[in-house]
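# Secondary and tertiary structure notes
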Amino acid sequence: ATDLDAVVRIESELTIRETNLEQLLASQRNLDDRVQLATLTILITPSPVDEPFVVAVVEKSNGIGDALTKGWNAFVDVLHGFAVVLAYSAPFMVIGLILLGAGWLVRRRLLRSVL
């Protein structure tokens, strides 16, 4: 490069390429860190030679029976959810009922003393 404009373009291109290189290196370091934290468990068991390789074939049916089964399972799941919500809120409801009862008694006594 002999003129100033060419030198500036070369420096600009070099800066862009260095920035891209730094980004790629940072990405590589990030991936290396994630791979080091990953857990991989491999269980290798010997297979008997005389047993053939078997592929399980699952037939998917979209009939009425499957629809009823899925509907029933959804219904049971909703009931389970209501039971969980009730179990979590039961202590608060008991305390609320006690406070409401005490407030009702106090209000009743105050009204009797006024009359």
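Here's a quick rundown of the structure. (Residues numbered from 1 in each chain as written. Predicted model: local features only at pLDDT ≥ 70, side-chain atom pairs only at ≥ 80, totals over all residues. Heavy atoms only, no water.)

In this section: the overall build of the protein chain. Looking only at helices and strands, one finds two helices and zero strands in the protein chain. The 115 residues of the protein chain split such that 1% are buried. A total accessible area of about 11500 Å² is found for the protein chain, and carbon and sulfur atoms account for 66% of it. (Helix = DSSP H or I, 4+ residues; strand = E, 2+ residues; numbered from the N terminus. Buried < 20%, exposed > 50% of the residue type's maximum accessible area, 1.4 Å probe, protein only. Areas by Shrake-Rupley, 256 points an atom, 1.4 Å probe, with all protein chains shown as cover.)

The subject of this paragraph is the pattern of salt bridges. Counted under the stated rule, the structure contains two salt bridges. As a salt-bridge pair, Asp5 and Arg9 come within 3.8 Å of each other at their nearest N and O atoms. Note that Asp5 and Arg9 are positioned in helix α1 (residues 4-37) at a spacing of four residues, about one turn of the helix. A salt bridge links Glu13 to Arg17; the nearest nitrogen and oxygen atoms lie 3.1 Å apart. Residue Glu13 and its partner Arg17 are located together in helix α1, separated by four residues, close to a single helical turn. The class of Glu13 is partly exposed, set by a relative accessible area of 37%. Judged by its relative accessible area of 56%, Arg17 is exposed. (Salt bridge = Lys/Arg side-chain N within 4 Å of Asp/Glu carboxyl O.)

Another aspect to go through is the packing of aromatic side chains. Given two aromatic rings, their pairing is described by the distance between the two centres and the angle made by the two planes. Evaluation of the coordinates by the stated rule reveals one aromatic pair. Look at Trp72 and Phe75: their rings are 5.5 Å apart centre to centre, the planes differ by 40°, and that puts the pair in the tilted class. Here the residue Trp72 and the residue Phe75 both occupy positions in helix α2 (residues 64-114), the gap between them amounting to three residues, near one helical turn. Since its relative accessible area comes to 53%, Trp72 is described here as exposed. (Phe/Tyr/Trp six-rings, centres within 6.5 Å; stacked < 30°, edge-to-face > 60°.)

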